[in-house]
Amino acid sequence: MFAQPDNAPVLAYLGATPGDRFVVGDPSPFDEGGTIFARWSRAIPDACRCTLGTTNLLVHEQSGRVFAFHTGRFTIAIRSGVVDGRVRGVTADGGVDLRPLGPGWELYDREDDEDDGGDAFVRAHELAGG
């Protein structure tokens, strides 16, 4: 993940360092927000899923680009490619500002999608592979 230059702002935002241990797989069943994140992104290949402590990430299996993450209790960010997407808002974790991630990121809200999130995550996965 650290070799992919597009990930630098995301990993810095999350406070990740090259020595951190990323674990491939689904979030803990005790992580309510992570469980919802996994359900909404269920159309994404399992090989894309990993965790870093209490942060859950989706990383494209070929490009290594992070294209979505869940952190805190219920903050979900997605690399949608939308340049002027919603980057600031309030989640169950309080005020969130994704501007440090750069263009193309936005706060994800289930209301953004009609099918429980699947389409937005599939689009983000496709964009991350390019």
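Residues numbered from 1 in each chain as written. Predicted model: local features only at pLDDT ≥ 70, side-chain atom pairs only at ≥ 80, totals over all residues. Heavy atoms only, no water.

Draft legend 1. Molecular detail of the nonpolar core. Within the largest apolar cluster, 17 residues are counted, with the highest numbers of intra-cluster contacts made by Val10, Leu57, Val66, Phe69, Leu98, Leu101 and Trp105. When contributions to this core are tallied by element, the ones reaching two or more residues are helix H1 (8-13), strand S2 (49-52), strand S3 (55-59), strand S4 (66-71) and strand S8 (104-107). Once you skip the residues sitting within four places of it in the chain, Val10 turns out to touch Val66, Phe69, Arg79, Leu101 and Trp105. In terms of nonpolar packing, the next biggest core, distinct from the first, is built from 15 residues, Cys48, Ala120, Phe121 and Ala124 among them. (Core = buried A, V, L, I, M, F, W, Y, C linked by side-chain atoms within 4.5 Å. Buried < 20%, exposed > 50% of the residue type's maximum accessible area, 1.4 Å probe, protein only. Helix = DSSP H or I, 4+ residues; strand = E, 2+ residues; numbered from the N terminus. Contact = heavy atoms within 4.5 Å.)

Draft legend 2. How the structure looks around the pairing of S4. Taking burial as the measure, the six residues of S4 include six buried ones, the bulk of the element. Bridge count for S3 against S4 is four bridges, and the pairing is antiparallel. In the strand pairing of S4, Leu57 is matched with Phe69. Once S3 ends, the chain turns through six residues before running back antiparallel as S4, passing Gly64 with a positive phi of about 75 degrees. Judged from the four bridges that link them, S4 and strand S5 (residues 75-82) form a sheet pairing that is antiparallel. Residue pairing for S5: Thr71 is matched across the bridge by Thr75. Counted between consecutive antiparallel strands, the loop separating S4 from S5 contains three residues, among which Gly72 sits at a positive phi close to 65 degrees. (Pairing = 2+ DSSP bridges.)

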